[in-house]
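Survey of secondary and tertiary structure
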Amino acid sequence: VPSVLCLGDCQLQTSCRIQKCTTDFVSLTSYLNSTLEDFDSEFCKALRGYSACTYRNSKVCRGNLDYHSVVLGISDLMRQRNCSKDGPTSSTNPEFTNDPCDYSGHTEARKHQGGEKTSPTSYLFCGLFGDPHLRTFKDHFQTCKVEGAWPLIDNNYLSVQVTNVPVVPGSSATATNKITIIFKSYQDCTDQKVYQAVTDDLPAAFVDGTTSGGDGNTKSLRIVEKVSGKYIEMHARYIGTTVFIRQLGHYLTLAIRMPRELVMAYEESQDLQLCVNGCPSSERIDDSGHLPLPVMGQLIPQSGAAHPRSVYTLETATTKCHEKMLVKDIYFYSCVFDLLTTGDANFTAAAHSALQDVEALHPRKEHWHIFPSSGYGGVGRGSKFSACLQLVCLILVVFL
């Protein structure tokens, strides 16, 4: 593409508008997502529009070398992408391509129509996994009890509710065994669609049996099954939102990316949203991110209740988590906590997958990893240094 797109350094004749054709092509393709199924068809439509624009300028640009380079470049790209010369084209005027069921498209059109520069669409990420560990839209990381049904998201476009159950007797830790998502009806893009997943039933369809919403051709809302019964993705193109749901062991994980302006579109009565405001303080297990780890894997029993013993010690849990996660960030320490609390190795995969989902959906790479300010729940360098320091002090007291 760079050989085709000559934007700033080309010395073009005043009457030759090839640069305008190129600028419009860039505007039309800059927001296309190569991971979507319709990427090739949309890119080919834009290429045919680009070709039509160059043809309209062929006479006035005949003596311009840059024009001929662009024409050859378009031909090469069409051959590489297997684009037919005949077919629908995208308008070379982005302001006229306002598709209400394409969030990225109509935000681009709105920007051009406004005639002024606006900041690009800002996306936010929220994730829930493990015992459960919550990463909010504000990148705050918490570990919560929140037993029973709780709203993760509840705005004018989308509702997400999770149900958490106790993992082991004698521990306040819970994990997610049910997720309900409601995509609210929106213009002509989709009717209301409800999705529900429970442990051992992760369907690749909505509750009404359909796999998409809206016009069957545009598929403004669709479900994609990645691993049968274990991993599905939802793509809501009309609201620019992507959702990942996985089952790992007996429990579910969720990750979502959504535009900031839609995340914040909710009424005052919808203020209880874990993804927006985090868990209520009474439901927090951690203390500002620091988790109280069970001693040597021994779970604290409820009075008179039988309780299991975790097969992991602090050392073996750390080693197990380090096999999947080399970076000792908050996901690593959450893995250690989950292993010591439950003894279930599936929580290692849950923490690892949660970090992979962050890398796939979180818009800012520099924020992928979150590090605790010091030792996390008594784990890591901070705790080892503290223990050594206490030992040195004890020796000094004895000998002085």
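Residues numbered from 1 in each chain as written. Predicted model: local features only at pLDDT ≥ 70, side-chain atom pairs only at ≥ 80, totals over all residues. Heavy atoms only, no water.

The name that an unreviewed UniProt entry assigns to the chain is RGMB protein, with the source organism given as Pedionomus torquatus. According to the UniProt record, the Sequence similarities (unreviewed entry) comment for the chain reads "Belongs to the repulsive guidance molecule (RGM) family." We quote the UniProt Subcellular location (unreviewed entry) comment for the chain here in full: "Cell membrane". (UniProt positions renumbered as here; feature names shortened; annotations may be inferred.)

A pair of packed helices is characterised by two quantities: the angle between their axes and the separation of those axes. Put simply, helix α1 (residues 18-29) and helix α2 (residues 39-56) touch, their axes get as near as 9 Å, and they point 170° apart. Taken as axis vectors, α1 and α2 run roughly antiparallel relative to one another. Each of Ile18, Cys21, Thr22, Phe25, Leu28 and Thr29 in α1 lies in contact with α2, whose residues at this interface are Phe43, Ala46, Leu47, Tyr50, Cys53 and Thr54. By residue class, the composition of the contact of α1 with α2 is nine nonpolar, three polar and no charged. (Axes fitted to C-alpha atoms, helices over the stretch in contact; angles between N-to-C directions. Helix = DSSP H or I, 4+ residues; strand = E, 2+ residues; numbered from the N terminus. Parallel < 35°, antiparallel > 145°, perpendicular 65-115°, else oblique. Contact = heavy atoms within 4.5 Å. Nonpolar A, V, L, I, M, F, W, Y, C, P; charged D, E, K, R; others polar.)

With that out of the way, let us pick up the pairing of strand β10 (residues 231-236). In terms of residue burial, β10 counts as a mostly covered element, since six of its six residues are buried. As judged from the six bridges shared by strand β9 (residues 221-227) and β10, these two strands associate in the antiparallel manner. The residue of β10 that forms the bridge with Val227 is Tyr231. Counting the residues between successive antiparallel strands, the hairpin from β9 to β10 contains three residues, one of them, Gly229, with a positive phi of roughly 75°. Where β10 meets strand β11 (residues 241-248), six bridges bridge the pair, whose relative direction is antiparallel. Bridging from a neighbouring strand, His235 pairs with Thr242 of β11. Where β10 folds back onto β11 in an antiparallel hairpin, the turn is made up of four residues, including Gly240, whose phi is positive at roughly 60°. (Buried < 20%, exposed > 50% of the residue type's maximum accessible area, 1.4 Å probe, protein only. Pairing = 2+ DSSP bridges.)

Turning our eyes to something else, we now look at the state of the cysteines. Cysteine pairs can be linked by a disulfide, which is a covalent bond between their two sulfur atoms. According to the stated counting rule, one finds seven disulfides in the structure shown. Two residues share a disulfide in this structure: Cys16 and Cys61, whose sulfurs sit 1.9 Å from each other. A torsion of 110° about the S-S bond marks the disulfide between Cys16 and Cys61 as right-handed. On the criterion of sequence distance, the pair formed by Cys16 in the segment before α1 and Cys61 in the loop between α2 and α3 (65-80) is long-range, its members being 45 residues apart. One disulfide in the model links Cys321 with Cys335; its S-S distance is 2.0 Å. The sign of the -90° torsion about the S-S bond sets the Cys321-Cys335 disulfide as left-handed. Of the two residues, Cys321 is situated in helix α7 (residues 314-324) and Cys335 in helix α8 (residues 330-342); the sequence distance between them amounts to 14 residues. For Cys321, a relative accessible area of 0% puts it in the buried group. (Disulfide = S-S within 2.5 Å.)

This part covers the pattern of salt bridges. In the structure shown here, the tally under the stated rule is 11 salt bridges. Residues Asp76 and Arg79 are paired through a salt bridge, measuring 2.6 Å at the closest nitrogen-oxygen approach. One end of the pair, Asp76, and the other, Arg79, are both in helix α3, three residues apart, so they sit about a helical turn from each other. The shortest N-O distance in the salt bridge between Arg364 and Glu366 comes to 3.0 Å. A relative accessible area of 53% places Glu366 in the exposed class. (Salt bridge = Lys/Arg side-chain N within 4 Å of Asp/Glu carboxyl O.)

All right, on to the packing of aromatic side chains then. By convention here, two paired aromatic rings are described through the distance between centres and the angle between planes. Applying the stated criterion to the full structure yields 12 aromatic pairs. Relative to Phe43, the ring of Phe25 lies with its centre 5.9 Å away and its plane at 70°, an arrangement referred to as edge-to-face. Residue Phe25 is found in helix α1, and its partner Phe43 is found in helix α2; the two are separated by 18 residues along the sequence. Both residues of the pair, Phe25 and Phe43, count as buried. Aromatic side chains Phe25 and Tyr50 sit 4.6 Å apart centroid to centroid with 15° between the ring planes, which places their arrangement in the stacked category. Taken together, the residues span a long stretch of sequence, with Phe25 in helix α1 and Tyr50 in helix α2 at a distance of 25 residues. (Phe/Tyr/Trp six-rings, centres within 6.5 Å; stacked < 30°, edge-to-face > 60°.)

Further remarks concern the nonpolar core. Leu152, Ile181, Tyr195 and Ile245 are the most contacted members of the largest nonpolar core, which totals 43 residues. A total of four residues in this core trace back to one element, the largest contributor, which is strand β12 (residues 251-259). The contact partners of Ile181, leaving out residues within four places of it in the chain, are Leu158, Ser159, Val160, Lys193, Val194, Tyr195, Met234, Val243, Ile245 and Leu254. Core analysis: the next-biggest nonpolar cluster, separate from the first, contains 25 residues, Phe332, Val336, Leu340 and Leu361 among them. (Core = buried A, V, L, I, M, F, W, Y, C linked by side-chain atoms within 4.5 Å.)

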